[in-house]
Amino acid sequence: MLFLQEEHRARDLFYAIWVPDLFMKRVESNREWSLFCPNEAPGLGDCWGEDFENLYTQYERKGKAKKVVSAQNLWFEILKPQIETGTPYMLFKGVPIESHPSKLVGSRGSNNRYFDFDKLAEGILQPDMWGVTPSNQWDWNALRGIISKNGVRNSLDLVAPMPTASTSQILGNNECFEPYTSNIYSRRSEFGVVNKHLLNDLTEMGLWSPAVKNQIIYENGSVQKIPTIPAELKDIYKYGFSFLFSQ
């Protein structure tokens, strides 16, 4: 990736990347990803889901790609600056739109969406959107009746993750609620961050040392290839995408 000189960087701009489901599928299956010029392959930013996949693969078949790269390599290049700086932000445009409690018609401008009418008002709840049959622990039909009669309040956003990477690190927490992206990394190239749970376990087992620390750094925060770390800790401290990909 291209790293500009410090005086050329836009520190007050927080970039985000629209991530279609098709890209994540190709990352998972270790396939290639095609890069297009938006003027020569228009419309990709305005659609999602099956419509996006159809249009994208149509452009691929027509040979309009400017460059073809490994989807996994591109993904890891995106993750490197994200781990170090917290950006670019990742905006997923497939399932999150489809399973949103409100009906969304298309995507627009990467920062807002069109609302048609509420899925909840039709009695469509999250289990229905995912094609899952819930347990009998709760009376879902009664809930649908209550919603139909009284509506909903504070129903869309009740998750409270850490607001920023800096705040989470000051308080000794992980950003948001995803798995750790790395067990050791540098924040903005100056603030070292270590998975405190891994550090405590290694210290209690008498395995923490400068040599082990340097090995983890050499492995980009992974413990999977370090022979002195027990297998049970390797299973616990798989980070982020080591759940999907071999190290």
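Remember, it's a predicted structure, so these values are computed and weren't measured experimentally.

Conventions and cut-offs
Residues numbered from 1 in each chain as written. Predicted model: local features only at pLDDT ≥ 70, side-chain atom pairs only at ≥ 80, totals over all residues. Heavy atoms only, no water. Helix = DSSP H or I, 4+ residues; strand = E, 2+ residues; numbered from the N terminus. Buried < 20%, exposed > 50% of the residue type's maximum accessible area, 1.4 Å probe, protein only. Contact = heavy atoms within 4.5 Å. Areas by Shrake-Rupley, 256 points an atom, 1.4 Å probe, with all protein chains shown as cover. Polar contact = N/O pair within 3.5 Å; in protein donor to acceptor, adjacent residues only side chain to side chain. Core = buried A, V, L, I, M, F, W, Y, C linked by side-chain atoms within 4.5 Å. Phe/Tyr/Trp six-rings, centres within 6.5 Å; stacked < 30°, edge-to-face > 60°. Axes fitted to C-alpha atoms, helices over the stretch in contact; angles between N-to-C directions. Parallel < 35°, antiparallel > 145°, perpendicular 65-115°, else oblique. Nonpolar A, V, L, I, M, F, W, Y, C, P; charged D, E, K, R; others polar.

Caption draft 1: Focus on the overall build of the protein chain. Within the protein chain, the secondary structure is distributed over 10 helices and 8 strands. Within the protein chain, buried positions represent 29% of all 247 residues. When contacts within the protein chain are restricted to residue pairs at least 6 apart in sequence, long-range pairs at least 24 apart make up 53% of them. Element-wise, carbon and sulfur atoms account for 54% of the exposed surface of the protein chain, whose accessible area totals about 16400 Å².

Caption draft 2: Structural context of the side chain of Ser-182. Along the chain, Ser-182 turns up in the loop between α7 (165-170) and β7 (184-187). With a relative accessible area of 2%, Ser-182 lands in the buried category. Engagement of the side chain of Ser-182 in a polar contact is seen with the backbone oxygen of Ile-184, the distance being 3.0 Å. At 3.3 Å, the side chain of Ser-182 and the backbone oxygen of Asn-220 are in polar contact. Beyond its immediate sequence surroundings of up to four residues, Ser-182 is in contact with Asn-220, Gly-221 and Tyr-239.

Caption draft 3: Molecular detail of the nonpolar core. In terms of nonpolar packing, the biggest core is built from 18 residues, with Phe-23, Trp-33, Leu-44, Phe-52, Tyr-56 and Trp-75 touching the most fellow members. Put simply, the parts of the chain that give this core at least two residues each are α1 (21-28), α2 (49-61) and α3 (71-85). Ignoring sequence-local partners within four residues, the contact set of Tyr-56 consists of Leu-22, Arg-26, Trp-33, Ser-34, Phe-36 and Leu-44. Counting residues in each nonpolar core, the second largest holds 10 residues, with Ile-216, Ile-226, Ile-229 and Leu-233 among its members.

Caption draft 4: Examining the side chain of Arg-26 more closely. Looking at the secondary structure, you find Arg-26 in helix α1. Beyond its immediate chain neighbours, meaning those up to four positions away, Arg-26 contacts Arg-31, Glu-32, Trp-33, Tyr-56, Thr-57, Glu-60 and Ala-71.

Caption draft 5: Representation of the environment of Glu-32. Tracing the backbone through its elements, the reader meets Glu-32 in strand β2 (residues 32-35). C-alpha of Glu-32 to C-alpha of Ser-70: the two residues are 38 residues apart in sequence and 4.5 Å apart in space. The contacts of Glu-32, once residues within four sequence positions are left out, are Arg-26, Val-68, Val-69, Ser-70 and Ala-71.

Caption draft 6: Structural view of the packing of aromatic side chains. Following the criterion strictly, the structure yields 6 aromatic pairs and no others. Measuring from ring centre to ring centre gives 4.3 Å for Trp-33 and Tyr-56, while their planes differ by 20°; the resulting arrangement is stacked. A residue pair is termed long-range when its members are at least 10 positions apart, and Trp-33 in strand β2 and Tyr-56 in helix α2 qualify at 23 residues. A relative accessible area of 8% means that Trp-33 is categorised as buried. With relative accessibility at 1%, the residue Tyr-56 sits in the buried group. Aromatic pair Phe-52 and Tyr-56: ring centres 5.5 Å apart, planes at 25°, arrangement stacked. In this pair, Phe-52 and Tyr-56 are both assigned in helix α2, 4 residues apart and thus about one turn of the helix distant. This pair shows no difference in class: Phe-52 is buried, exactly as Tyr-56 is. By way of ring pairs, the aromatic residues Phe-23, Trp-33, Phe-36, Phe-52, Tyr-56, Tyr-59 and Trp-75 are connected into one cluster.

Caption draft 7: Summary view of the packing of α1 against α3. Closest axis-to-axis distance for the α1/α3 pair is 8 Å, and the angle between their directions is 110°. Looking at the two axes, α1 sits roughly perpendicular to α3. Contacts from Phe-23, Met-24, Arg-26, Val-27 and Glu-28 in α1 reach Ala-71, Gln-72, Leu-74 and Trp-75 in α3. Tallied by class, residues from the contact of α1 with α3 come to 6 nonpolar, 1 polar and 2 charged.

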